[in-house]
Each structure stands twice: as structure tokens, then as C-alpha cells.
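Here is what each chain is made of, one letter per residue.
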Amino acid sequence: AQRVTQPEKLLSVFKGAPVELKCNYSYSGSPELFWYVQYSRQRLQLLLRHISRESIKGFTADLNKGETSFHLKKPFAQEEDSAMYYCALSGRTGFQKLVFGTGTRLLVSP
Amino acid sequence: NAGVMQNPRHLVRRRGQEARLRCSPMKGHSHVYWYRQLPEEGLKFMVYLQKENIIDESGMPKERFSAEFPKEGPSILRIQQVVRGDSAAYFCASSPITDGDEQYFGPGTRLTVT
């Protein structure tokens, strides 16, 4: 079964602290993994995808196939990072039918 | 490019009424996806359409729900005889012609059934 698990509903940190948002997945095959972000009053938007191996807004995520994890990390959190973060996967079946986790709300306090 | 448009943004229906949710994809996009988000849950895939074709409706409830994406005009998600459990946020996403491209999301329609 395809599943994405985000164990934390809320993660609260102070500005400048490191951040790690956890994501574990189960999928029989080689999925593609994504992180989506939703800032207050804005629409859901793609933050990064594992195949691009980019760092976006200081965030990185490494796919660990052994641990089936795709944790999102940032060394120094900023207040503007406060948002809802969703981990998602899609199978390599020719189109992106995304499976989402329940999301983690990141709150960065000054 | 205004992005994916959804209307209405908020829709209130009484039990037993019909709800019609509209989604206009981004210009040049011919793939549309619908997702539903129940309270305290993640987005769940409902249906994937291309122009005039339903490609995958594996996430659609078997009854009362239907979707279309006509040659002209927006994609429509139709819910007949709504029940309280249909109250949710419904998101539409679109992607370009090529399969596997990034999905761009609309702002969502929040359906409330009273």
C-alpha cells in the first residue's frame, strides 16, 4: 500500500534554530518524493522534489531508501518559514497521482 | 498566467442538494487532478482527467460523485445529494501536456454541508 507518514502535527522552533520535518513512506517500487508548502492564505506549492536535488529557500531533503524516509531540513529557521508542509509521493506510472501525508505545521518564533 | 482557478471558493449546501465545483487549469495545461482534504487529514487523490477523458477515477466514491473535463470550459466535480461527510476542501491541480510534470494547485473550494 502507498502511504506517507508525517508523525508531527506541529513543530515549533525559535528563529535561527535547525529544523527537521520528518517524512516516512511505504511504497512497493521506486517512488518520486516531494515536499509541498502552503503559506498562510496561499495555495499549495511545490517546494522541492528528490530527483532535482536542489536546495530551495535553504531547505534540503535527502531520499533514504533504506529507512524509506525523506526528511526536510534547514539549518537556520526563519520566521517566514512558518507554514504547513506536506510530504507526498507518486509512483513512476507515467503520471503524478500524488499521495500526501497529513502535514506538519511549522511555527518559527522570533 | 493567473494560475489554476477554482470557483466558488466557498460553497454551502443543505443535505440532499447538489454541489458543482469548477476548476480552470493553467493556460496550456491539459491534465487536471482533483483532491479532497477532510479535516485533520492530508489531500487524497480523487480523479485524473485529460480533455474529454477520465484517465483514473480510482479515488472517487462509487456513488454521487462524478467529474468531467470537456473540450471547452472548466473541469467540473459534481456531488449529488450531498451529505455532511462531504464537507471538505476540494483542490484541483493541473499539469502540462507531458505526463509526470509538476502539478500546480488551485486555491481550493471549501464545501460545507449543513
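Here the structure is a predicted model, which is why all the values come from computation and not from measurement.

**Student:** Would you take a moment to explain the environment of Gln 2 of chain A for this structure?
**Tutor:** Residues and elements named next belong to chain A. Here Gln 2 shows up in the segment before β1 (3-5). Classification of Gln 2 as partly exposed rests on a relative accessible area of 41%. Leave out the neighbours within four places in its chain, and Gln 2 touches Ser 26, Tyr 27, Leu 89 and Val 99.

**Student:** Would you take a moment to explain the nonpolar core for this structure?
**Tutor:** If you look at soluble globular proteins, the nonpolar side chains tend to sit buried side by side. Trp 35, Leu 72 and Tyr 85 of chain A are the most contacted members of the largest nonpolar core, which totals 25 residues. Looking at this core, the elements with two or more residues in it are β2 (10-14), β3 (19-21), β5 (32-38), β6 (45-49), β9 (83-90) and β11 (104-109) of chain A. Broken down by element, this core gets its largest block of residues, four residues, from β9 of chain A. Once residues within four sequence positions are removed from consideration, Leu 72 of chain A is found in contact with Val 19, Glu 20, Leu 21, Trp 35, Leu 47, Leu 48, Phe 59, Thr 60, Ala 61 and Tyr 85 of chain A. Among the nonpolar cores identified, the runner-up in size contains 23 residues, and Ala 19, Met 46, Leu 49 and Cys 92 of chain B belong to it.

Rules behind the numbers
- Residues numbered from 1 in each chain as written.
- Chains lettered and ligands numbered in written order.
- Predicted model: local features only at pLDDT ≥ 70, side-chain atom pairs only at ≥ 80, totals over all residues.
- Heavy atoms only, no water.
- Helix = DSSP H or I, 4+ residues; strand = E, 2+ residues; numbered from the N terminus.
- Buried < 20%, exposed > 50% of the residue type's maximum accessible area, 1.4 Å probe, protein only.
- Contact = heavy atoms within 4.5 Å.
- Core = buried A, V, L, I, M, F, W, Y, C linked by side-chain atoms within 4.5 Å.

This is a description of form; function is not addressed.
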